[in-house]
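Single-letter residue listing:
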Amino acid sequence: MFELSAPKGGGTQYKEKPIYRFSGRDGFEPFTSLVSDSSGALYGATLSGSGNAKHCTMDKGFECGVIYRLTPPEPGTSEWTETVLHRFSDVGERFKGGYFLSGGMVIDKSGALIGTTRFRGSTSNCSDNVGGCGVVFRLTPPTGNETEWKETVLYTFGANGPKDAENPDADIVMDDKGAIYGTTQFGGPGEVGTVWKLTPPSRGQSSWTESIVHGFSGPDGFRPLGPVLIDAKGAIFGNTIQGGPDQYCATGVSTCGVSYKLTPPRKGKTEWTATVLHEFGSPGDGASPGFGFVADASGNLFGTTGNGPGNNGVLGTVFELSPPKGGRKAWTEKVLHTLTGGSDGSIPSGGLVLSNGALFGMAEQDGEFLNGTLFMIKP
């Protein structure tokens, strides 16, 4: 785990400093984005972990993983403290509590962590009848004399039949009513991905309710890999790494991908309205937007593509998507930067951060030492 500090005294060079090194038993391969609480503690998950391997899917438990907390240094000290809150090897035989966390979590009003696992839970109605469909879980802090965090499964994917969402990968989002939204690359009516919603129990009830907000079919995109963004009106924005209105994109012959908007149902209706805001893959454009959006105060959306220029490139782009202006109905896409594979890196990985008008992101390959970069794009 590392910290990147802004330059001081008129300098230009950011300073990178490791703040924690994983050793194995405390987890290894930290993979998810982080979420912080009001105290500044950071929470995340690792794909693997070498402790308590008796119920894991591999000999040494490498697929189990842990959920951890990193606590900031006490005054006068410099060391962050890592605490393992939960080991997925502890959920019992057959992994009904899920395993393989690859998307970021959220913290609810009670301080509990809510997240998803890609695998297990149940194998019913899943295309992967070995690994399972995955689950949504809550990890509740200890109370009273308790010392252990407690995992509760809120929903097991596949429970709503063979057209249910399955195998979530991305970060999840919580709205102001406590509902959870996420995406899956697989499952749904078209079997090429979904946006799903998990609604908290009504008063007097105990079960959460899952519904498919939208099932992709190809022309409207397929394989939504990144998280969604919800605006003040409840509209949902996101990206898919494949699909699009073009015939070759819709059938998966080309990578392409789309940016989409899902508009909430009108009063008395239940169907969300899907709109393709932009289809990627044309010459000079990026392709395969694999992560979510960040938005500025004007409603402009910023994202990255893993391919481009064109749908056969392997460098990637950073782009801006602007809402319609002057009576126009179409959104406008602008490529802000095409990665070169040189000092700026290639293949953007992970979402962007917007701070003081600048965009910050990561590239997983190339750069000065050929091991990826952290980059900034200014207006």
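Quick look at the structure, then.

Let us now look at the pattern of salt bridges. Scanning the model with the defined rule gives four salt bridges in all. Of the charged contacts, one joins Asp169 and Arg118 as a salt bridge, the two residues approaching to 2.6 Å between their closest N and O atoms. Placement of the pair is Asp169 in the loop between strand 12 (165-168) and strand 13 (173-174) and Arg118 in the loop between strand 9 (113-117) and strand 10 (135-140), with a sequence separation of 51 residues. Assessed through its relative accessible area of 10%, Asp169 is described here as buried. The shortest N-O distance in the salt bridge between Lys163 and Glu191 comes to 3.1 Å. Separated by 28 residues along the polypeptide, Lys163 in the loop between strand 11 (150-156) and strand 12 and Glu191 in the loop between strand 14 (180-187) and strand 15 (194-199) bring together distant segments of the chain. On the basis of relative accessibility, which here comes to 42%, the residue Lys163 falls in the partly exposed class.

Attention shifts here to the sheet that holds strand 10. Taken together, the four strands give an open sheet; going across it, the order is 8-9-10-11, and neighbouring strands pair in antiparallel fashion. Where the open sheet ends on each side, the last strands, each with one partner, are strand 8 (106-107) and strand 11. Relative to strand 9, strand 8 runs antiparallel, the two sharing two bridges. The partner of Ile107 across the bridge, within strand 9, is Leu113.

This part covers the nonpolar core. Counting residues in hydrophobic clusters, the biggest one holds 20 residues, and the most contacted among them are Tyr43, Ile67, Leu85, Leu101, Met105, Leu113 and Phe137. At the level of elements, strand 5 (42-48) and strand 10 are the ones that each hand at least two residues to this core. With residues near it in sequence (within four places) discarded, Leu113 still touches Val35, Tyr43, Ile67, Leu85, Met105, Val106, Ile107, Phe137, Arg138, Leu139 and Trp149. In terms of nonpolar packing, the next biggest core, distinct from the first, is built from 14 residues, Ile114, Cys126, Tyr155 and Phe157 among them.

Quick look at the pairing of strand 15 now. The pairing of strand 14 with strand 15 spans five bridges and is classified as antiparallel. Across the sheet, residue Thr184 finds its bridge partner in strand 15, namely Thr194. Where strand 14 folds back onto strand 15 in an antiparallel hairpin, the turn is made up of six residues, including Gly188, whose phi is positive at roughly 90°. Pairing of strand 15 with strand 16 (residues 209-215), which is carried by six bridges, proceeds in the antiparallel orientation. Looking at strand 16, one finds that Val195 is bridged to His214.

Calculation rules
Residues numbered from 1 in each chain as written. Predicted model: local features only at pLDDT ≥ 70, side-chain atom pairs only at ≥ 80, totals over all residues. Heavy atoms only, no water. Salt bridge = Lys/Arg side-chain N within 4 Å of Asp/Glu carboxyl O. Helix = DSSP H or I, 4+ residues; strand = E, 2+ residues; numbered from the N terminus. Buried < 20%, exposed > 50% of the residue type's maximum accessible area, 1.4 Å probe, protein only. Pairing = 2+ DSSP bridges. Core = buried A, V, L, I, M, F, W, Y, C linked by side-chain atoms within 4.5 Å. Contact = heavy atoms within 4.5 Å.

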